[in-house]
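Understanding the architecture of this molecule
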2 protein chains.
Amino acid sequence: MESIKTTNKELFTNFKEFANKNVALQGWIRTNRDNGNIGFIEFNDGTFFKNVQLVYGKDTKNHDVVAGLRNGAAIELTGTVKLTPENKQPFEIELNEVVLAGDCDDDYPLQKKRHSFEFLREIAHIRPRGNTFQAVFRIRSVLSFAIHQFFNERGFLYVHTPEITTNDGEGAGNVFDVTTHDTKDPFNFYGRKVNLTVTGQLHVEPFALSFRNVYTFGPVFRAEHSNTVRHASEFWMIEPEMAFCDLNGNMEVIEACIKYCINYVLKNCPEEMEFFNTMIDNTLIERLKHVVNSEFKKLTYTEGIEVLKNAVKNGVKFENSDIFWGMDLQSEHERYLTEQIVKGPLFLIDYPSGIKAFYMKENADGKTVAACDLLVPAVGELVGGSQREERYDVLKGKMDKLGITEGLEWYLDTRKYGGCVHSGFGIGFDRLLMYVTGMQNIRDVQPYPRTSNSIKY
Amino acid sequence: MESIKTTNKELFTNFKEFANKNVALQGWIRTNRDNGNIGFIEFNDGTFFKNVQLVYGKDTKNHDVVAGLRNGAAIELTGTVKLTPENKQPFEIELNEVVLAGDCDDDYPLQKKRHSFEFLREIAHIRPRGNTFQAVFRIRSVLSFAIHQFFNERGFLYVHTPEITTNDGEGAGNVFDVTTHDTKDPFNFYGRKVNLTVTGQLHVEPFALSFRNVYTFGPVFRAEHSNTVRHASEFWMIEPEMAFCDLNGNMEVIEACIKYCINYVLKNCPEEMEFFNTMIDNTLIERLKHVVNSEFKKLTYTEGIEVLKNAVKNGVKFENSDIFWGMDLQSEHERYLTEQIVKGPLFLIDYPSGIKAFYMKENADGKTVAACDLLVPAVGELVGGSQREERYDVLKGKMDKLGITEGLEWYLDTRKYGGCVHSGFGIGFDRLLMYVTGMQNIRDVQPYPRTSNSIKY
């Protein structure tokens, strides 16, 4: 009897069309239980979040072999699709034949009980086989595609900015060096000191001034010993940059991008999102839908400081209650503004120059810059952006003061040769993924997390 | 009078709809020439390969200012679209008003004359404004999207494998180390020696054994002092990996992927491809179309050696004419097979184990492995792939012999826990881009090329 080669995904998508048909599948056993008269295998082939239930009985070919198949084993099978409208699962497969494609040792670390995320981090090469990490890494992939699709639909050019660079950000010393085995001259390969990039922005700006709308999406690195749930030493960043675009245009694109990404994931991963809403955070989907349906509000930093001062006066408790103009806001302050005051997404704009990067556009007031941070409930800052300082003299003055002009002459060139108003923003992709899934630790959204004092793979 | 905000791309796509309408554009002046009665600006806004011609006359507002606008300057303009069916360009714009958005200094390095690629490499931040590099980097972006689209349509999961790793490939010593400023203990950050990855394959295999079909697409690094036109120390790799897939299945996906990419670029970048065909290599489009319409042939390495031996016997001259079974083929040999013998794309399969990587599947003959290199005319090797050794004992034996088992126990685990037949391949993205554009030097397809003794940005 001919069998139709198919996948779990196709079966769940069109199960009615497969009714009473013979199908062939390849994949892995999640669990196998046999009570003598009837046995059940929870089967997953990696194409879909839900398992297909395989059923076998005393008269199934090689019954004893099938009943003895171990969790984690790879199998190839044929069987008949039976609709089961009375059950939770809309169909199951009556097994015809099973071939063992790859056995699984008895010390398989994924047993039926629930494992802690800490334990699963130690087996990063195995954890994608469990429900949570199937869901996390499928959404990681879908969200990546959403990013590319969003910018592609808008005509943005994708630029691969370099990972190895001579630019060490603002010289803050939190960079990884890139060296060779030559101990006398570890920088001999390029003939000068090089390090891993902390941002693609400086390298992508010249492309915005050539192609108008561009973006990078790739890995960046920070050698910071910040042992928090939100810091990793290697992560992916999305950095769009747009010529002839001011701060308002920038915020329009940020808002559209975040809404697009959330909608895309909700639409394309309903099973995974339902899982996160049930198992991780039962306010997740509601919160994401609220963001999608909100008009993002705007508040200046100066207004925000006034609001926070009043809150303290009225008895609101912060860990840091010393609120003053010029301070760097903490997450608790950002969350208060977005959760308690605006009750939704909020752009905080026009920050004091002193706490923002050198390349941001000085406002006419002489003390703030045209920056915009997007704050969202439950997280705080999700996106950071700004209009860029396009005036050569102003920018060079700031860079000279910081002592970073040497080696960045090429960056200054962009202001000499047809520079114009331009803006851009950065989204930490891993944090966006945490936000969309509700996962609380950055180590649980990266395939092989990279944090200080921890590297196994 | 209201003006319609638009772009060069929209104008060229729908110019008839814009006839006699007022439009507003923002972009850059490529050239400006005024002969007194009439003046012409070649204008490009980065959204489309072709320039829009702006026309002005004595009666244009601020005529003298317009006539004095410099090459490279950023402008905002309004004007009226006039169809010019008698000219090469189907339309032009009669200027109404021009505002200078960003001036360009007199020492602008892109002058009207043609510049050498060598010269342009020294101004990597400016060269995207010229025709060649507008075309190169647009196709780089379009080709990247084609890759994602191809794998997305086939249900492949995109995995971000890590850049920083403890795995140094086969210990060949051609890796970059990742260190901190602590001179006494430069590896103190992670607590052990780490380096930049040379391949994502080992890290992506566990995901194939969880999700079935997966791929990576990201930067990899080689600290090789190979000063050739095809070697860079940092480049992007595409590495798909498929469970329940043998060598033949692997070759089907490679063939489909290459054809998809070429078709996608030919369809989406006709202007750029026409430019390359005219300016770089006038056999380019014909050659690419031939590949798309070819059925990819297969030949074993052993057969290939026989063919090459016969060729030498019959007087064919190679730089290396010492042909023997077990040798590593040079580009001249590969090109002879694909260009002279098969006259089209060719999979060379079943290579001697001794010249291929440890993870490739040993064939039953005990001396070859199930590898497949795709060779194409004019270039030689374009893709390398193989079925993977899924037998734990065989793989461990080879790894022990090489002394690389320690630290890769997790990789071996994948063979213990439901491992199965699986295969994958690697495409050097930058070389694929060279192949598709006809560009001859890898330095001319990377936004900021990274080769030994050369890093400026």
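What counts and how
Residues numbered from 1 in each chain as written. Chains lettered and ligands numbered in written order. Predicted model: local features only at pLDDT ≥ 70, side-chain atom pairs only at ≥ 80, totals over all residues. Heavy atoms only, no water. Contact = heavy atoms within 4.5 Å. Buried area = accessible area lost by both parts, 1.4 Å probe. Salt bridge = Lys/Arg side-chain N within 4 Å of Asp/Glu carboxyl O. Polar contact = N/O pair within 3.5 Å; in protein donor to acceptor, adjacent residues only side chain to side chain. Helix = DSSP H or I, 4+ residues; strand = E, 2+ residues; numbered from the N terminus. Buried < 20%, exposed > 50% of the residue type's maximum accessible area, 1.4 Å probe, protein only. Core = buried A, V, L, I, M, F, W, Y, C linked by side-chain atoms within 4.5 Å. Phe/Tyr/Trp six-rings, centres within 6.5 Å; stacked < 30°, edge-to-face > 60°. Lys NZ or Arg CZ within 6 Å of the ring centre and 35° of its normal. Pairing = 2+ DSSP bridges.

With that settled, the discussion passes to the interface of chain B and chain A. If you look at the interface, chain B gives 100 residues, while chain A gives 100 residues. Summed over both partners, the interface of chain B with chain A buries about 8,400 Å², with 61% contributed by carbon and sulfur atoms. Together, His 160, Phe 189 and Tyr 417 of chain B form the three largest contributors to the area buried by chain B at its contact with chain A, with a combined 10%. Put simply, chain B and chain A have two salt bridges between them. Residues Lys 416 of chain B and Asp 107 of chain A are paired through a salt bridge, measuring 3.6 Å at the closest nitrogen-oxygen approach. Where chain B touches chain A, the interface holds 40 residue pairs in polar contact (both at pLDDT 80 or more). Examining the composition of the side of chain B that touches chain A, we find that 11 residues originate from one element, helix H4 (residues 131-153) of chain B, more than from any other.

This part covers the side chain of His 148 of chain A. Relative to the elements of secondary structure, His 148 of chain A occurs in helix H4 (residues 131-153). According to the relative accessible area criterion, His 148 of chain A is buried, its value standing at 1%. Only 3.4 Å separates the side chain of His 148 of chain A from the side chain of His 148 of chain B, close enough to count as a polar contact. Residues within four places of His 148 of chain A in sequence aside, it is in contact with Tyr 158, Tyr 215 and Phe 217 of chain A together with Phe 145 and His 148 of chain B.

Let's shift gears to the nonpolar core. Across soluble globular proteins, nonpolar side chains show a tendency to be buried alongside one another. By size, the foremost hydrophobic cluster in this structure holds 263 residues, and its most contacted members are Ile 258 and Met 273 of chain A together with Ile 258 and Met 273 of chain B. Aside from chain neighbours lying at most four places away, what touches Met 273 of chain A is Ile 139, Val 265, Leu 266, Leu 284, Ile 285, Leu 288 and Val 436 of chain A.

Below, the discussion takes up the packing of aromatic side chains. Summed over all chains, the structure comprises 70 aromatic pairs over all chains. For the ring pair Tyr 301 of chain A and Tyr 351 of chain A, a centre distance of 5.4 Å and an interplane angle of 40° mean the geometry is tilted. Placement of the pair is Tyr 301 of chain A in helix H9 (residues 301-313) and Tyr 351 of chain A in strand E14 (residues 346-352), with a sequence separation of 50 residues. Looking at Tyr 351 of chain A, the relative accessible area reads 4%, which means it is buried. Each residue in the set Phe 145, Phe 217, Trp 236 and Phe 429 of chain A together with Phe 145, Phe 150, Phe 151, Phe 156, Tyr 158, Tyr 215, Tyr 260 and Tyr 264 of chain B is aromatic and connected to the rest through ring pairs, giving one cluster. Above the plane of the ring of Phe 133 of chain A lies Arg 127 of chain A, whose end atom (NZ or CZ) is 4.5 Å from the centre. Above the plane of the ring of Trp 325 of chain A lies Lys 367 of chain A, whose end atom (NZ or CZ) is 4.9 Å from the centre.

Before going further, it helps to examine the environment of Asp 64 of chain B. Residue and element names in this part refer to chain B. Relative to the assigned elements, Asp 64 resides in helix H2 (residues 63-67). Asp 64 sits in the exposed class, given a relative accessible area of 63%. In the structure, Asp 64 is positioned 30 residues away from Asp 34 in sequence and 9.8 Å away in space, judged by C-alpha atoms. Here His 63 takes part through its side chain, which lies 2.9 Å from a polar atom of the side chain of Asp 64.

This part is about the sheet that holds strand E15 (residues 368-376) of chain B. The strand order E7-E11-E12-E17-E16-E15-E14-E13 (chain B) describes an open sheet built from eight strands, whose pairing is mixed. One side of each edge strand has no neighbouring strand; the edge strands of this open sheet are strand E7 (157-158) and strand E13 (297-300) of chain B.

Glancing now at the pairing of strand E2 (residues 22-34) of chain B. Residues and elements named next belong to chain B. Of all 13 residues that make up E2, 10 are buried, and the element is covered over most of its length. Two elements, strand E1 (residues 4-5) and E2, share two bridges in a ladder whose sense is parallel. Each residue of the ladder has a partner; that of Ile 4, found in E2, is Val 23. Sheet topology note: the E2/strand E5 (residues 74-83) ladder contains seven bridges and is antiparallel. Within E5, the position partnered with Asn 22 by the bridge is Thr 80. Here E2 pairs with strand E3 (residues 38-44) via six bridges, running antiparallel. Paired with Thr 31 across the strands is Glu 42, a residue of E3.

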